[in-house]
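Descriptive structure summary
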Amino acid sequence: MKKINIEVRSNSSQNKILLISDNNYKVWLTAKPVDDKANNALISLLSKHFKVARSLIVIKSGKTTKTKVVIMYG
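I will try to describe carefully the structure that is included in this document. (Residues numbered from 1 in each chain as written. Predicted model: local features only at pLDDT ≥ 70, side-chain atom pairs only at ≥ 80, totals over all residues. Heavy atoms only, no water.)

Right, let's talk about the pairing of strand β1 (residues 2-9) for a bit. With six bridges joining them, β1 and strand β5 (residues 67-72) adopt antiparallel strand pairing. Along β5, the bridge assignment pairs Lys3 with Ile71. As judged from the five bridges shared by β1 and strand β3 (residues 24-28), these two strands associate in the parallel manner. Counted as the bridge partner of Arg9 is Trp28 from β3. (Pairing = 2+ DSSP bridges. Helix = DSSP H or I, 4+ residues; strand = E, 2+ residues; numbered from the N terminus.)

As structure tokens, this is what we get:
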């Protein structure tokens, strides 16, 4: 299990992940924060970046905020 803190910038021009410090990331998403689109895009991007199945990634807190705590199992 890995716990990471993420600051999300939605409605950006590109999808990008930047490591700020140990377990702290800044993520830019092209998806808008409407109807859970940004959260789903975040899970997809993290899945590709960390090579973990989408089903093993959970947004633990911050579903409606820019700062999120994400748990990756496996």
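Through backbone hydrogen bonds, the strands of a sheet pair up, either in parallel or in antiparallel fashion. Pairing is mixed in the open sheet, where five strands are placed in the order β2-β3-β1-β5-β4. Taken across any chain shown, the strands that pair with only one partner, and hence form the sheet edges, are β2 (16-21) and β4 (57-61). The mean angle between the axes of side-by-side strands here comes to 35°, regardless of whether they run parallel or antiparallel. (Axes fitted to C-alpha atoms, helices over the stretch in contact; angles between N-to-C directions.)

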